[in-house]
Amino acid sequence: VPGKQLEFIICRVGDNWEVCSCPQCMKPIELADGRQLASKSTNSITDRLFFSTRNYMMLNRLAEDLVKDNPELELHTHAYIFAAEPPRVKIHPAIVPHFAAYPTKDERYPILEQKTERGAVWGRRMRQWSDEQDLKFGFFGYYYIDGFNAVADTAGPDYKALAEMGGIHVHNEGHPGDTDKLSRWDVEGIEKWIIAKLQWDPNQDPAELRDEYIKRT
């Protein structure tokens, strides 16, 4: 926006598991405690920790260069795909990760209350990000309503947990809006409205907000 100061730039992994497996990138990583983190695979699906750590080392170098000339500038990134795994290095304070629980938790339950082994790993990762990294923390949510699903009941506890962990912002991915052939607002507007309200104040009760929406519409 002309005349508006730039607040942050974004550098993130793509919607895939592709990583570089050249000899330089596959070298063992020297950790701060003197240990080494060696790769177990050239595939980021089977060795998320190594490639996540390598990714954040690259972002640390980028952040160090950025703040030399722009000390107030933030570097936002997605803790997503393999980079969702908390790395074995401390992250530069200018970096703001957006934790993205994909692929994927069960949308019927909050991240910290998942019922399956596959889902529970996301609770462990979210806690680990909060416990091990002293930085600003964001959240990229996946709440696909697709009808009358009450996904705000899941989003509310997720947002509240994030706030208690020191989170600073959230945003949400969902289905597109109306087209000339499709109108989702008749069935999905209620949950989208509640989620938007919870993003501003996660201490609200989704059920009470749902009652308010029904009465007002």
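The structure this text deals with has already been given above.
It should be emphasised that the depicted structure is a prediction, and the values quoted were computed from it without experimental measurement.

Caption draft 1: Just the overall build of the protein chain, in detail. On a plain count of helices and strands, the protein chain comes out with five helices and seven strands. The order of helices and strands in the protein chain, counted from the N terminus, is β-β-β-α-β-β-α-β-α-β-α-α. With the C-alpha coordinates aligned to their principal axes, the bounding extent of the protein chain is approximately 60 × 50 × 35 Å. Counting the 217 residues in the protein chain, one finds 41% classified as buried. A separation threshold of at least 6 residues defines the contact pool for the protein chain, and within that pool the share at least 24 residues apart is 66%. By element, 50% of the accessible surface of the protein chain is carried by carbon and sulfur atoms, the whole surface being about 12,500 Å². Taking the 27 positively charged and 34 negatively charged side chains of the protein chain as two groups, their mean positions are separated by 4 Å.

Caption draft 2: Region of interest: the side chain of Arg 125. Along the polypeptide, Arg 125 turns up in helix α2 (residues 117-132). Excluding anything up to four places from it in sequence, Arg 125 contacts Arg 48, Ala 84, Glu 85, Pro 86 and Phe 99.

Caption draft 3: Representation of the sheet that holds strand β4 (residues 74-79) in the model. A sheet is described by the order of its strands in space; here five strands give the open sequence β1-β4-β5-β6-β7, paired in parallel fashion. The strands lining the two open edges of the sheet, one partner per strand, are β1 (8-10) and β7 (167-173). With strand direction ignored, the average angle separating the axes of adjacent strands in the sheet is 25°. When β1 meets β4, the two strands line up parallel, connected through three bridges. Within β4, the position partnered with Ile 9 by the bridge is Leu 75. The strands touched by helix α1 (residues 48-69) within the sheet are β1, β4 and β5 (95-100), with β4 carrying the most contacts at an inclination of about 165°. Along the sheet, α2 contacts β4, β5 and β6 (137-142); its crossing angle with β5, the most-contacted strand, is approximately 165°.

Caption draft 4: Up close: the pairing of β6. Within β6, six of the six residues are buried, which leaves the element mostly enclosed by the surrounding structure. Residues of β6 alternate between two faces, with Phe 137, Phe 139 and Gly 141 on one and Gly 138, Phe 140 and Tyr 142 on the opposite face, all of them buried. Sheet topology note: the β5/β6 ladder contains three bridges and is parallel. The residue bridging Ala 100 from the neighbouring strand is Phe 140, located in β6. In this sheet, β7 lies alongside β6 in parallel orientation, the contact comprising six bridges. When the bridges of β7 are listed, Phe 139 appears paired with Val 170.

Caption draft 5: Inspection of the packing of aromatic side chains at higher detail. On inspection of all chains with the given rule, the structure shows nine aromatic pairs. Look at Tyr 56 and Trp 129: their rings are 5.5 Å apart centre to centre, the planes differ by 75°, and that puts the pair in the edge-to-face class. With a gap of 73 residues between them, Tyr 56 in helix α1 and Trp 129 in helix α2 connect regions that are remote in the sequence. Each member of the pair, Tyr 56 together with Trp 129, is buried. Relative to Tyr 159, the ring of Tyr 143 has its centre 6.0 Å away and its plane inclined at 85°; by these criteria the two rings are edge-to-face. Here Tyr 143, found in the loop between β6 and α3 (152-164), pairs with Tyr 159, found in helix α3; they are 16 residues apart in sequence, far enough to count as distant. Each member of the pair Tyr 143 and Tyr 159 is classed as buried.

Caption draft 6: Just α2, in detail. Taking 1.5 Å of rise per residue, 16 residues should cover 22 Å, and α2 covers 22 Å from first to last C-alpha, within 8% of that figure. Those residues of α2 that sit buried are Gly 119, Trp 122, Gly 123, Arg 125, Met 126, Gln 128 and Trp 129. Against α1, β4, β5, β6 and α3 lie the buried residues of α2.

Calculation criteria
- Residues numbered from 1 in each chain as written.
- Predicted model: local features only at pLDDT ≥ 70, side-chain atom pairs only at ≥ 80, totals over all residues.
- Heavy atoms only, no water.
- Helix = DSSP H or I, 4+ residues; strand = E, 2+ residues; numbered from the N terminus.
- Buried < 20%, exposed > 50% of the residue type's maximum accessible area, 1.4 Å probe, protein only.
- Contact = heavy atoms within 4.5 Å.
- Areas by Shrake-Rupley, 256 points an atom, 1.4 Å probe, with all protein chains shown as cover.
- Lys, Arg positive; Asp, Glu negative; His and termini not counted.
- Charge placed at Lys NZ, Arg CZ, Asp CG, Glu CD.
- Pairing = 2+ DSSP bridges.
- Axes fitted to C-alpha atoms, helices over the stretch in contact; angles between N-to-C directions.
- Phe/Tyr/Trp six-rings, centres within 6.5 Å; stacked < 30°, edge-to-face > 60°.
- Expected span 1.5 Å × (residues − 1).

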